[in-house]
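Residue-level structure breakdown
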Amino acid sequence: MMIEAVWLALILVGDAPEPEVPATKWEFLARKYDVDRDGRITAEEYGRDATTFARLDRDSSGAIEPEDVVGSWNPRGGGARPGRREGERPERSTRAERPARTERSSALAIGDPAPEFALNEMIAFGDALTELGAAKPVALSSFRGDRPVALIFGSYT
Amino acid sequence: MKELHAEYGDDVLFLVVYIHEAHALDGARPFGGEDGHPLVEEPQTSEERGEVAARCHSSLDMAPLRMLIDDMENTAATAYAAHPDRLYLVGRDGKIAYAGGRGPFGFSPEELETAILDLLEADRPDDRPDGGGE
């Protein structure tokens with residue numbers, strides 16, 4: 001119901017309604033930063049650091065535009081580039097470019113003391129998961145002598 | 001990973017440590033949107049990272065795994081050479097019992113499980129109730 005009301009409000013206000021969930025990098029960025037809805041995001045509109053702005057403004061036009069953020073990073077080609085055209089075959093990587101399947105570039109070895117850290121924990125409140133900044137950070141060393149700890153490092157992307 | 005937690009969670013604490021993004025849409029190796037990956041900007045504050053971590057935890061249905069969030073100095077990610085992703089097992093003695101390869105190719109839950117089994121076996125007291133042992 002609430003989603004329908006918002007949808008109706010957007011139609012009444014004018015301009016084409018935005019997709020409920022941005023499906024492309026441009027849609028995401030435009031929704032967040034293109035304040036005047038002119039199809040380009042200036043540094044003033046962007047507001048975040050200049051280095052990231054320059055990276056997004058791939059053609060250095062002075063504004064982030066849709067063609068700047070088309071395509072994704074290609075681990076075989078290196079660097080972001082526009083998506084493949086239909087029918088175009090992917091480039092084959094050379095043996096030197098492919099990472100070894102048994103890569104072991106670890107800074108830590110078995111038997112090394114596990115580096116200590118004390119980090120904030122995500123605490124669930126029903127369906128909402130929020131970070132409690134005031135909560136005491138969880139220290140890895142607090143588990144010593146209790147149980148082994150499996151650490152799973154990663155991010156959403 | 002949830003399967004490992006279901007199997008060994010009584011004996012091993014599983015901690016997800018949320019670190020800086022592997023493929024932020026505004027990063028050097030951008031994914032997101034058209035390629036089916038989530039659209040995420042590299043968080044620039046702890047609040048932003050907390051929000052993205054919450055999205056991740058919910059979207060990937062990670063409950064009941066506990067999740068810690070690396071600080072904005074990326075202290076844990078750096079100390080463990082963990083970027084973009086990596087698995088470790090720390091023994092009760094506070095020492096590294098298993099250090100997985102760097103992801104994605106080195107990220108192996110199967111190796112972690114083997115390490116868990118080895119560690120639990122090594123921790124098992126000699127006077128087993130079944131009277132085993134020479």
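Overview of the structure. Here the structure is a predicted model, which is why all the values come from computation and not from measurement. (Residues numbered from 1 in each chain as written. Chains lettered and ligands numbered in written order. Predicted model: local features only at pLDDT ≥ 70, side-chain atom pairs only at ≥ 80, totals over all residues. Heavy atoms only, no water.)

1. Focus on helix α2 (residues 25-33) of chain A
Within α2 of chain A the residues assigned to the buried category are Lys 25, Trp 26, Phe 28, Leu 29, Ala 30 and Tyr 33 of chain A. For α2 of chain A, the secondary structure elements touched by its buried residues are β1 (41-42), α3 (43-46), α4 (50-56) and β2 (63-64) of chain A. (Buried < 20%, exposed > 50% of the residue type's maximum accessible area, 1.4 Å probe, protein only. Helix = DSSP H or I, 4+ residues; strand = E, 2+ residues; numbered from the N terminus. Contact = heavy atoms within 4.5 Å.)

2. Structural notes on the pairing of strand β6 (residues 149-154) of chain A
For β6 of chain A, the buried fraction is high: 6 of the 6 residues fall into the buried class. The side-chain alternation of β6 of chain A yields two buried faces, one formed by Val 149, Leu 151 and Phe 153 of chain A and the other by Ala 150, Ile 152 and Gly 154 of chain A. Bridging between β6 of chain A and strand β1 (residues 13-18) of chain B involves 6 bridges; their strand directions are parallel. Residue pairing for β1 of chain B: Leu 151 of chain A is matched across the bridge by Leu 15 of chain B. Across 5 bridges, β6 of chain A lies against strand β3 (residues 86-90) of chain B in antiparallel orientation. When the sheet's bridge partners are listed, Val 149 of chain A is paired in β3 of chain B with Val 90 of chain B. (Pairing = 2+ DSSP bridges.)

3. A word on the interface of chain B and chain A
Each side of the interface is counted separately: chain B has 81 residues, and chain A has 60 residues. Buried surface at the junction of chain B and chain A, summed over both partners, amounts to about 6,300 Å²; 60% is from carbon and sulfur atoms. Joining chain B to chain A, the criterion identifies 5 salt bridges. The residue Lys 32 of chain A makes a salt bridge to Glu 41 of chain B at a minimum N-O spacing of 2.5 Å. (Buried area = accessible area lost by both parts, 1.4 Å probe. Salt bridge = Lys/Arg side-chain N within 4 Å of Asp/Glu carboxyl O.)

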